[in-house]
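Listed below, chain by chain, are the residues.
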Amino acid sequence: MTTAVLPDTNPRTRSWWRRNQQSLTPWLFLAPGIVMFVIYVILPIFQSFWLSFYDWDGLGEKTWLGWGNYVELFDDDAFYTSLKNNVIWLVLYLLAVPAGLAIAVFLNQAVIGIRIYKSLFFFPFVISQVVVGLMFSWFYAPGFGLFYKLVEWLTGTGVAVLADPDLVTYGIIVAGLWPQIAYCMILYLTGLNNVSPDQIEAARLDGAKGLKMLWYVILPQLRPATFLAVVVTVIGALRSFDLVSIMTDGGPFGSSRVLSFYMYEQALSEYGYRMGYGAAIAVILFLIMMVFISGFIWKMIRDEKEGY
Amino acid sequence: MRSIRKASVAALAIFAVAGGASLAQDKRTLTYYADFDPAPLAAFEAIIADFEAANPDIDVVLQNFDHEGYKTAIRNFLTADAPDLANWYAGNRMAPFVESGQFQDVSDVWADNNLSEALGSAEASMTIDGKQWGVPYTYYQWGIYYNKEVYDEVGAEVPETWEQFIENCAKFKEAGIDCVTTGTKALWPGAGIFDYLDLRTNGYDFHMALTNGEVEWTDDRVREVFANWMELVEPGYITENHAALDWQDAASLLIQGKAANYIMGNFAVAVFKDGGMTDNTLGFMPFPTINPDVARAEEAPTDTVHIPAGAKNVEDAKTFLAYLATADAQTKVNEALGQLPINKDSSVADDPFIEAGFELLSTTPGGIAQFFDRDAPAEMAKVGMEGFQQFMVQPEQLDNILERLEKARGRIYK
């Protein structure tokens, strides 16, 4: 087949191609992807490292600062606020995994119209993060928001979540959890389809039911789904940006910033254009992400070797 | 064979380009990038039509951008594919482009057309290193917009001094009305309050020194500004939750009579009137006097047009700038904008707020400031405005805020 695609009259080339066909073909197919990945992912990583040692406004001359940007970063309150918020995001965002599981188990039954219920639960993941952010900022809006009114009715004074420096990050995370739970739910629903009925049957004969059944029989079989859900959620938490940008713009006075937003603010926003400083934040964020990503990759390689 | 075909295609392409160019020879193209809202856009299209009628050999191609997107786009197109004319702002906002050599010196346009006299009020804000870098075409006043019905309701008089203003606030508070409203989600509305308190407490020269980084933020005079501000913050005279509100949200509080005063720029009048207010219910007053020994200074941000360094048709661009500076052109543009012309021979529209603004600015003894985020460098503006917002929410953090600003000052103005 391949020879038909590549008609070549030179017998030496053809024999070389014949000999190496098997090993070359995968690389040929991978080449477009690899080129894109190198240009748009790998190179920018090194460029960020390099840029983070300079002071540059994006227009004029770059000046070499050495570790200057990092020294300033570690003395920057806004950086620690962002870091703290990133940790809160990471911890609370993981709630999406058990919540998604709970809904998936709940929906995994044969009733009339279950597909409709499933799609309704999945709906928040379909709408754009920007729309989610807008809806929740109206939900929280002081004066007319549903949540504000509800709290006012219950306690007498309304709480403007997005104006309160202590509550604002939690308010945004709740908005972020809504679509993320739906995503985890779908991952688990597909996983539940593949749970072997024989094992459930056997477990039932042995008298397992309820939580025990879930914990000892179902969950081990859902490990691939759990792994995927955790990976997606952790990455999602670390790169959370759109909701912060839409709902608060990092405010009030920077108390809802996360690292990715702070990076954008410093490097690209209206009052920013400190490319070097932004790059330094990006490097820190990259290093944090690398801890998780290499953990995930290590686990995947180990699983592959064990033949999961 | 193939190379011959390629060459002939290339030749054809070159011929086509050359032919196109020679066709356009009798009309020279002048590209203009701008960030107008619909009403100003219509005004500028009219002005451009007039200009083209007067200069039949010039064809102005206006490319309009979204207002916010333009602020990012300008950095790309100035370095990559510069137009012949571009909109921007006066004061320190144009400094990065001037210093990196992205804007052209247009001092000759100023000298040839005697603009130093005609546009005298804006000359200082257009000058860096003794040269002028663009032509201003409009500005607008800031001040206090108030709801007249609410003033009548609680029996408050329009105040002249800060003490009277604060006394009124107590009356409004009693009636359950926010004395001062603002929406600081986008931060800059808070800077308007700070600027005015500073201009009335310490005056224009101090404002410029502070935004130029020549005064410490922990200075007693800065603390005095915050002490005056505290008279509004501590008793809760400012709209609660302002940090979650956009400036338009706060405007609707004033429209609904839930708030009495709004320190804003004249562009807000359109929003008030869209919300149903009329000249009978909406009032305008200059910011009240705090220290009678300080000469009255005002804020009037100026919008400008510049020639990028990479412009291809500089000659015609200068002709356009000279035209835009004329009294007639400025009258026409500003009538449509609902703002004030800079050329002193222009006439202003028949509108109480425009007339009040013209009166206010033309009689200002102290000086005309641009705005905190145009007078201060961008980074300082950002840190500062965050501080102002935090002060209005957590006034007890004042010392921390001022130390943070002082730290930023030490870093930014090197």
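Structure: above.
Just so we're clear, the structure is a prediction, and the values are computed from it rather than from any experiment. (Residues numbered from 1 in each chain as written. Chains lettered and ligands numbered in written order. Predicted model: local features only at pLDDT ≥ 70, side-chain atom pairs only at ≥ 80, totals over all residues. Heavy atoms only, no water.)

On to the side chain of A:Ser260. Residues and elements named next belong to chain A. Positionally, Ser260 belongs in helix H14 (residues 259–268). Side-chain polar atoms of Ser260 contact the backbone oxygen of Ser240, separated by 2.8 Å. Excluding anything up to four places from it in sequence, Ser260 contacts Leu238, Arg239, Ser240, Phe241 and Leu285. (Helix = DSSP H or I, 4+ residues; strand = E, 2+ residues; numbered from the N terminus. Polar contact = N/O pair within 3.5 Å; in protein donor to acceptor, adjacent residues only side chain to side chain. Contact = heavy atoms within 4.5 Å.)

Residue and element names in this part refer to chain B. When strand S1 (residues 28–34) meets strand S2 (residues 58–64), the two strands line up parallel, connected through seven bridges. Paired with Arg28 across the bridge in S2 is Ile58. Viewed along the sheet, the connection from S1 through helix H2 (residues 38–54) into S2 turns out right-handed. (Pairing = 2+ DSSP bridges. Right-handed = clockwise from strand over helix to strand, strands pointing away.)

The next point concerns the packing of aromatic side chains. All told, the structure shown has 69 aromatic pairs over all chains when counted by the stated rule. Ring geometry for A:Phe227 versus A:Phe296: centroids 5.9 Å apart, planes at 85°, classification edge-to-face. Separated by 69 residues along the polypeptide, A:Phe227 in helix H12 (residues 223–238) and A:Phe296 in helix H15 (residues 275–306) bring together distant segments of the chain. When its relative accessible area of 17% is taken as the criterion, A:Phe227 is described as buried. Geometrically, the ring pair formed by B:Trp188 and B:Phe267 is edge-to-face, given 6.0 Å between the ring centres and 65° between the ring planes. Of this pair, B:Trp188 sits in helix H10 (residues 188–201) while B:Phe267 is found in the loop between strand S9 (259–265) and helix H14 (268–274), placing the two residues 79 residues apart along the sequence. The lysine or arginine in question, A:Arg274, covers the ring of A:Tyr277, its NZ or CZ lying 4.2 Å from the ring centre. Sitting over the ring of A:Phe227, A:Lys299 keeps its end group 5.1 Å from the ring centre. (Phe/Tyr/Trp six-rings, centres within 6.5 Å; stacked < 30°, edge-to-face > 60°. Buried < 20%, exposed > 50% of the residue type's maximum accessible area, 1.4 Å probe, protein only. Lys NZ or Arg CZ within 6 Å of the ring centre and 35° of its normal.)

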